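Coordinates in review
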Amino acid sequence: MPNLSLLFPERRGQAVRAAVLVLVLALYAALMPSSAQAAPPTSTAPTVSQSQVMPHLKALQRIADRNGGNRAHGTQGYAQSVAYVRHALDRAGFHTELRHFSYGGADGYNLIADWPGGDPNHVLLTGAHLDSVAAGPGINDNGSGAAAVLTTALQVAKAGLKPARHLRFAWWGAEELGLIGSADYVRGLSADDRKAIDLYLNLDQAGSKNTKQWLVVNDAAHGESAAFQAFQAWFAARGIATFDIGVGGSDHESFGNAGIPSSGFSTGISDCIHNACDNLANVDPVTETTSTNALIGVVWQLAATARS
Ligand SMILES: [Zn+2]
């Protein structure tokens, strides 16, 4: 506001001052750009620390340890992984659902969690596979992605986020056997359900050691750019190098096959992939936390914008 005292010599009366003040305020409001009058309600994305992410990985390691060293499809290790994630989501206020499928003579499950609210015709779906291979506990591949997605969902709940889009989170089964769970989920979508999913974000291996650059999924083939650019911008703002990769090699491929745009990222394949040494020590907590904060930042940004 300008300094109004300049407009009012002392000899003027109170009533005149009041009238002029009203006039000046009205003029001021009329002349200001509308963006300054009514700033959109912004919700700044939270950031998390290692202590909010790593306990989930420790829990998954413990689950593997007491179930023969793995969390593979059809095992108690996988069932307990699902139960752990679901329990945390239920406590936070999500609507959770298990989607059953059968593969290789064993029962498989996808865990789907919906955050109440948002436009059901514009769904932002974020997911990661929760199964390991039979040879090891799968803590980087892909406890790391599963924990980052869980932490993001819990931050949504903690903030009481009121997104423009509907937010859904998913943990896929039997990815390691050929993207079985995510393919089953996509196959089960009605045409309308499929159309309602604006975008799928995938995380697979989010805490690899010695990560020098984050591999960001660029799905230009399906016209996706918003999420890709949001990830690129998030990393660039922090001086972190990125490298474009296409859709494939993880559950986003199931969505791409159905014409659903996707993005997401990976921190790359570790020496211990699909091995008994893919344990807690195979995850870099700083990388895992950076990945989680990148996901939170981009989910916050995309949640606020309904697709045109
Ligand atoms: Zn994986």
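Up top you'll find the structure we're talking about.
Below is a short write-up of the structure. Just so it is clear, the structure is predicted and the values come from calculations on it, not from any experiment.

1. A word on the packing of aromatic side chains
- Inspection of the entire model under this criterion finds eleven aromatic pairs.
- On the numbers, 5.8 Å between centres and 80 degrees between planes, the contact of phenylalanine 94 with phenylalanine 169 is edge-to-face. Here phenylalanine 94 is found in the loop between helix H4 (76-92) and strand S1 (95-103), whereas its partner phenylalanine 169 is found in strand S4 (residues 165-172), with 75 residues between them in sequence.
- For phenylalanine 94, a relative accessible area of 6% gives the class buried.
- For phenylalanine 169, a relative accessible area of 1% translates into the label buried.
- With centroids separated by 4.0 Å and ring planes inclined at 15 degrees, the aromatic side chains of tyrosine 200 and phenylalanine 255 adopt a geometry described as stacked. Here tyrosine 200, found in strand S5 (residues 197-203), pairs with phenylalanine 255, found in helix H9 (residues 252-257); they are 55 residues apart in sequence, far enough to count as distant.
- Members of the aromatic cluster, each reached through a chain of ring pairs, are Trp214, Phe231, Trp234, Phe235 and Phe265.
- The ring of tryptophan 234 has arginine 238 lying over it, and the distance from NZ or CZ to the ring centre is 3.7 Å.

2. Focus on the pattern of salt bridges
- In this structure the tally under the stated criterion is five salt bridges.
- One salt bridge connects glutamate 97 with arginine 99, and the closest N-O pair in it is separated by 2.9 Å.
- With relative accessibility at 31%, the residue glutamate 97 sits in the partly exposed group.
- For arginine 99, a relative accessible area of 32% puts it in the partly exposed group.
- In this structure, the salt-bridge partner of aspartate 114 is arginine 168, at a minimum N-O distance of 2.7 Å. Taken together, the positions of aspartate 114 in strand S2 (residues 106-115) and arginine 168 in strand S4 put the pair 54 residues apart, joining distant regions of the chain.

3. Quick word on the coordination of the zinc ion
- Protein coordination of the zinc ion is provided by His129 (NE2), Asp141 (OD), Asp204 (OD) and Asp204 (OD), with donor distances spanning 1.9 to 2.5 Å.
- Around the zinc ion sit four donor atoms; with metal-centred angles ranging over 55 to 148 degrees, the donor geometry is irregular.
- All donor residues of the zinc ion come from one chain, and their arrangement in sequence is H-x11-D-x62-D. Within this pair, whereas histidine 129 is found in strand S3 (residues 119-129), its partner aspartate 204 is found in the loop between S5 and strand S6 (213-217), the two being separated by 75 residues in sequence. You'll find histidine 129 and aspartate 204 in the same group, each marked buried.

Calculation notes
- Residues numbered from 1 in each chain as written.
- Predicted model: local features only at pLDDT ≥ 70, side-chain atom pairs only at ≥ 80, totals over all residues.
- Heavy atoms only, no water.
- Phe/Tyr/Trp six-rings, centres within 6.5 Å; stacked < 30°, edge-to-face > 60°.
- Helix = DSSP H or I, 4+ residues; strand = E, 2+ residues; numbered from the N terminus.
- Buried < 20%, exposed > 50% of the residue type's maximum accessible area, 1.4 Å probe, protein only.
- Lys NZ or Arg CZ within 6 Å of the ring centre and 35° of its normal.
- Salt bridge = Lys/Arg side-chain N within 4 Å of Asp/Glu carboxyl O.
- Donors = N, O, S within 2.8 Å, 3.2 Å for Na, K, Ca; no water.
- Tetrahedral: all angles 85-135°; square planar, octahedral: opposite > 155°, others 65-115°.

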